[in-house]
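Coordinate inspection notes
If you want the building blocks of each chain, they are given just below.
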Amino acid sequence: SAFERNELNVTAGQEGAVARMVLVEAKELGSRSSRSTAFHRSMTVFAGVRQKVSDDVAGVHELPICPLHGVTLSFMQEFGVQNKTKVSAKEYSIGGLCTTVIKPLTMFKKGKLCSTSEEADSLLSYAEVGFRDSLRDIKKQPAFARLAMHFVSHAWRYEYSTFLGALANWDSHKGADVTYYWVDAFVVNQHIADSYPMEWWSTRFAQAVGDVGSTILVSLPWEDPIPLKRVWVIWEIFSAFQMGARFDIAMPKDTMDDFRGALINSFTTVQTALSGVDVALSSAYHKSHQEMVHDEIRRTIGFTKLNEMVQLRMNQWLIGAATKELQIMKQNANEKNKKEQIGLQDNLGRMLRESGNFEGAEFYFKDLLEEIERMYGKDHALALSCLNQLAVTLQKANHVEEALQCHRDCLQRRRRVLGENHEETLQSVSNLAVLLSLHRPMSIEIFEEARSLYSLAVKGRELTIGEKDPRTLYTLSNFARFLSEAPEPSAELFNESDQLHQRAVQSLKDLLQQGHPLTLSSLHNQACSWLDRCVFQKTCSAGGPIDESISQLRLVHKLRVEKLGKEHPDTQQTERKLQEIARIQKQFANSDANGADQGRLESFPSFQDFFQAHFEVVHTAEEFQQVRKYMHEGIVADLVFDDLLASGFIDEDGFMTTGMQPYIFLAHIITGELSQRKCEPEQDYLGTYGDTFVVAHNKPESDEMWHSSDPSWIGKASMSQRHRFLVFKNLRWEYFNVISLGLECGSQQALEALKEMKDAATHWVSQAPGWSKDAGFYLAAWPLTTVPCLHLHMVDLSCTGPSFSRLSKKMLLLDDAIRVLEAEVAEGIGVLPA
């Protein structure tokens, strides 16, 4: 095709920064893929997109700013003592004090207090009164500050002294001289807060949560947290998540002591208590508020996605709490608490694994195994259990050879110590069979070994723990799935697989609820086996048997998103399978149209599968050059585009999406809908490069933990004490990552863009206060980054943290990327005609 380059400018951002959008128009599209169709359509819709962004940002500007003020704990305590007698015991809460005390103290007429809001000529927040009257707390400190240090989320009906007790307990562990808390009753003007539209809560308020940068949830009782049932608290947790604010939970001392005990002795109870989130059932004191927030959730993110986000945030906090408790126990280690410490570390490893943090789980299990074997010996029950957990973790992390070694070792030990038919021995038999079944390509020998192990595990479990035990049924489901993947499939194997699936799925549904993880695994396995049969029988057209597989996988995906989160490996596994079906159907349709062989299917259902088959990392110029070579072949680029489209990261017109689901925070920064307070003055250091680029920072908690050597933070925390992102102000899909840059605008333009990025980064670092002259510039290739928006990591190498050594090995130097683009231009690869 012949291309003609066009440049359009779009005004976007709170300060009206000009985002230079480089677009390309296809004159001869020929046979259009979804990528080329989007490319063609983008030229006609771009002006509309530009106007919409401009209108949206202008609308936000008209809304009042959310105050960022903070109040001291001492002042709130003194306030409670002074006003306790003014309310009944039932009304001694934030809500009661606000209505009875705060509102009457903030209504003025000609500078004096008045009786009603109707006669008042000035309605203020308590913070505004505090600033005006220079109020001080009992410690002689200013009662209010212009900028709060922590945002406090809470239920308004908490007894006031209980609420303060939770904050006091939290505050006692921080050691700060004075802390200012954002507490709505004291900070927000309560006379007009009820009149704010939902748009204010989803923009100005959410921005304030991000600007404060730290959110504390006052939560009790821990067994059944009240805040998780309140719609405003849910919205505040969501805002903290979206804005990347740090998150912590505060409880009164007695409640926290009970929680810490349960964390060690009743870990499952804690997980259950903190996982009971159903946003659709959340309520508010005012029914109109509940309906307003629920309508906004439906319009933007949806209840399912919000459940996922809140659940993920709570799980992250729980992992952090368990990690801290484990550190305390290790520092005070003694014979009395040794078994408790082992139990907690085992629980933490399992939780990290189930959350998808395999590296953190592997660290804790290996550390624990070494300690148990040293103390009790290799054949102790605790050692065998830990070795099994390590093997399962390595298996989930796809470290196949090491996992195989651990599984065989564990099986051998258990057979020797426990006997052939012991349940734990049979567990190892089943685990080894599962791992062998994942071997690709699968030989007849491996298939027969795994089949024999599965049969042994199923029969053994039926005899020892019963046919209806969930563990037996889970093994049965895996066995059925394995049979449908035989290297030499047959109708007999598929019939046997169907019978086993029916028994496993129905029994698990009867024993457990449909949304239980084991039931979902069995449903996923059954749908995948149905798909395998369709491929075998060449009946993959829509309207046929494959529809049953699609319907069941969609149900599993929906429930896994709700229970585990969209980013969880199990959820992504189901998502990839749905994408695979779409490609299979497309391939069959094309084969039918061309009279070609229906059995000739594409090898890779998604770009992630393609990438994993060809690459481990993209760290060198040679590796990046190979990725770019594949991208220029067209079909791989189409695979990437279709994946991004299916995930909602881009729209059909080829632009990165700026909605709430999925939430691409850098895209919101590009449009100006989101600004990071810490980075606002730093934009000036770009100089004239500010027309093309914007600077952003990592999540506040990731920045704060840059120095952490905790396994759960390594690879997640910022790479250095000074670490920033440099982002193109461009929403075209080719700017989602460096692997796609230039696929539309051409390699020459892509080379110029990367060179300008280097110049801008070099200039910014030279102007930014505190940065050393030793700076590193890194890019992460997709899918080795979870952020679908091209960004350069600017890292001060004079103060790197533990995450640097982990992440830098997976990243590409900007200079290497430039060299590869220079080679492309020199060889005429991807260069557009003049």
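Values in this document were obtained by computation on a predicted structure and should not be read as measured data. (Residues numbered from 1 in each chain as written. Predicted model: local features only at pLDDT ≥ 70, side-chain atom pairs only at ≥ 80, totals over all residues. Heavy atoms only, no water.)

**Quick word on the pattern of salt bridges**
- Summed over all chains, the structure comprises 40 salt bridges.
- We note a salt bridge from Arg413 to Glu373, for which the minimum N-O separation is 3.2 Å. Taken together, the positions of Arg413 in helix H16 (residues 400-418) and Glu373 in helix H14 (residues 358-376) put the pair 40 residues apart, joining distant regions of the chain.
- Judged by relative accessible area, Arg413 falls into the buried class, the value being 6%.
- Put simply, Lys678 and Asp703 hold a salt bridge, and the shortest N to O gap is 3.3 Å. Of the two residues, Lys678 sits in the loop between helix H27 (665-671) and strand S12 (693-696) while Asp703 sits in helix H28 (residues 700-704), which places them 25 residues apart along the sequence.
- What makes Asp703 buried here is its relative accessible area of 12%. (Salt bridge = Lys/Arg side-chain N within 4 Å of Asp/Glu carboxyl O. Helix = DSSP H or I, 4+ residues; strand = E, 2+ residues; numbered from the N terminus. Buried < 20%, exposed > 50% of the residue type's maximum accessible area, 1.4 Å probe, protein only.)

**Digging into the packing of aromatic side chains**
- Inspection of the entire model under this criterion finds 41 aromatic pairs.
- For the ring pair Trp201 and Trp232, a centre distance of 4.5 Å and an interplane angle of 40° mean the geometry is tilted. Within this pair, whereas Trp201 is found in helix H7 (residues 198-212), its partner Trp232 is found in helix H8 (residues 231-243), the two being separated by 31 residues in sequence.
- Its relative accessible area of 13% is what places Trp201 among the buried residues.
- Pairing Phe641 with Trp733 gives two aromatic rings, centres 5.2 Å apart and planes at 90°, and the pair type is edge-to-face. Here Phe641, found in helix H26 (residues 635-647), pairs with Trp733, found in the loop between strand S13 (723-728) and helix H29 (747-767); they are 92 residues apart in sequence, far enough to count as distant. (Phe/Tyr/Trp six-rings, centres within 6.5 Å; stacked < 30°, edge-to-face > 60°.)

**Examining the nonpolar core**
- Judged by nonpolar contacts, the single largest core of 182 residues is most densely connected at Phe259, Phe607, Leu726 and Ile739.
- Not counting residues within four places of it along the chain, the set of residues in contact with Ile739 comprises Phe607, Phe624, Val627, Arg628, Met631, Ala781 and Trp782.
- With 33 residues, the next largest nonpolar core counts Leu97, Tyr158, Tyr181 and Val183 among its residues. (Core = buried A, V, L, I, M, F, W, Y, C linked by side-chain atoms within 4.5 Å. Contact = heavy atoms within 4.5 Å.)

**Some words on the pairing of strand S8 (residues 150-153)**
- The alternating pattern of S8 places His150 and Val152 and Phe151 and Ser153 on opposite faces, both of which are buried.
- In this sheet, strand S9 (residues 180-182) lies alongside S8 in parallel orientation, the contact comprising two bridges. Looking across to S9, one finds that Phe151 is bridged to Trp182.
- Here S8 runs beside strand S10 (residues 214-218); their pairing, made up of three bridges, is parallel. (Pairing = 2+ DSSP bridges.)

**Concerning the packing of helix H12 (residues 303-331) against helix H13 (residues 338-354)**
- One can describe the packing of H12 onto H13 by two numbers: an axis separation of 10 Å at closest approach and a directional angle of 150°. When the axes of H12 and H13 are compared, the pair comes out roughly antiparallel. At the point where H12 passes H13, the crossing takes the left-handed sense. On H13, the residues touching Leu318, Ile319, Ala322, Thr323, Glu325, Leu326, Met329 and Lys330 of H12 are Glu340, Gln341, Leu344, Gln345, Leu348, Met351 and Leu352.
- When grouped by side-chain class, the residues that make up the contact of H12 with H13 number nine nonpolar, three polar and three charged. (Axes fitted to C-alpha atoms, helices over the stretch in contact; angles between N-to-C directions. Parallel < 35°, antiparallel > 145°, perpendicular 65-115°, else oblique. Left-handed = near helix turned anticlockwise from the far one by under 90°. Nonpolar A, V, L, I, M, F, W, Y, C, P; charged D, E, K, R; others polar.)

**Concerning unusual backbone geometry**
- The step from Leu220 to Pro221 runs through a cis peptide bond, and the omega angle for that step is -10°.
- Take Pro221: it is sitting in the loop between S10 and H8.
- With an omega of 10°, the peptide bond between Trp782 and Pro783 qualifies as cis.
- Tracing the backbone shows Pro783 in the loop between strand S14 (775-779) and strand S15 (791-796).
- The phi dihedral of Lys110 falls on the positive side, at around 55°, and the residue is not glycine.
- Among the residues examined, Lys110 registers a relative accessible area of 74% and is labelled exposed.
- The residue Lys140 is not glycine, and still its phi comes out positive at about 70°.
- Tracing the sequence through the fold places Lys140 in the loop between helix H4 (126-133) and strand S7 (144-145).

**Notes on the sheet that holds strand S5 (residues 112-113)**
- Read from one edge to the other, the open sheet built from three strands follows the order S5-S4-S6, with strand pairing classed as antiparallel. Each end of this open sheet is capped by a strand with a single partner; those strands are S5 and strand S6 (122-123).
- Inspection of the sheet shows strand S4 (residues 107-109) paired to S5 by two bridges, in the antiparallel sense. Looking at S5, one finds that Phe108 is bridged to Leu113.

**Observations concerning the side chain of Ser219**
- By the secondary structure assignment, Ser219 is in the loop between S10 and H8.
- When residues no more than four places from it in sequence are discounted, the contact partners of Ser219 are Tyr158, Pro225, Pro227, Ile249, Ala250 and Met251.

**A few points about the sheet that holds S12**
- Across the sheet, five strands lie side by side as S12-S13-S15-S14-S16; this open sheet has antiparallel pairing. Each edge of the open sheet carries a strand with a single partner, namely S12 and strand S16 (812-813).
- Judged from the four bridges that link them, S12 and S13 form a sheet pairing that is antiparallel. The residue bridging Phe693 from the neighbouring strand is Phe728, located in S13.

**As for H13**
- In this model, H13 (17 residues) spans 24 Å end to end at C-alpha, consistent with the 24 Å of a helix rising 1.5 Å per residue.
- The element H13 is extensively covered by neighbouring structure, given that 12 of its 17 residues are classed as buried.
- Inspection of H13 places Lys338, Gln341, Ile342, Leu344, Gln345, Asp346, Asn347, Leu348, Gly349, Met351, Leu352 and Arg353 among the buried residues, and these make up the whole buried set.
- Tucked inside the fold, the buried residues of H13 contact helix H9 (253-265), helix H10 (267-274), H12, H14 and helix H15 (381-396).
- A positive phi of about 95° marks Gly356, the residue just after H13. (Expected span 1.5 Å × (residues − 1).)

**Examining the pairing of S10**
- Burial runs high along S10: five of the five residues are buried.
- On S10, burial covers both faces: Ser214, Ile216 and Val218 on one face and Thr215 and Leu217 on the other are all buried.
- Bridging between S10 and strand S11 (residues 246-250) involves five bridges; their strand directions are parallel. Across the sheet, the residue bridging to Val218 is Ala250, located in S11.
- In this region the chain leaves S10, passes through H8 and returns to the parallel neighbour S11; the handedness of that crossover is right-handed. (Right-handed = clockwise from strand over helix to strand, strands pointing away.)

**Quick notes on the state of the cysteines**
- Here the structure, examined in full by the defined rule, presents zero disulfides.
- The cysteine Cys406 is free of any disulfide, with Cys410 supplying the nearest cysteine sulfur at 8.6 Å.
- What makes Cys406 buried here is its relative accessible area of 12%. (Disulfide = S-S within 2.5 Å.)

**Things to note about the confidence of the model for the protein**
- Chain-level pLDDT for the protein is 86 on average; 90% of the residues reach the 70-or-more range.
- Per-element averaging of pLDDT across the protein places strand S2 (residues 18-26) at the bottom with 29 and S15 at the top with 98.
- Segment residues 1-32: pLDDT under 50, and 91 contacts once partners within four positions in sequence are set aside and those in other chains are kept.
- Across residues 41-58 the pLDDT falls below 50, and counting only partners more than four positions away or on other chains, this stretch makes 26 contacts in the model. (pLDDT = per-residue confidence, 0-100.)

**Brief notes about the packing of helix H24 (residues 607-614) against H26**
- Direction vectors running N to C along H24 and H26 enclose 130°, while the axes themselves pass 9 Å from each other. Judged by the inter-axis angle, H24 sits oblique to H26. Residues Phe607, Gln608 and Phe610 of H24 form the contact with H26, whose participating residues are Val636, Leu639, Val640 and Asp643.
- In terms of residue class, the contact of H24 with H26 is built from five nonpolar, one polar and one charged.

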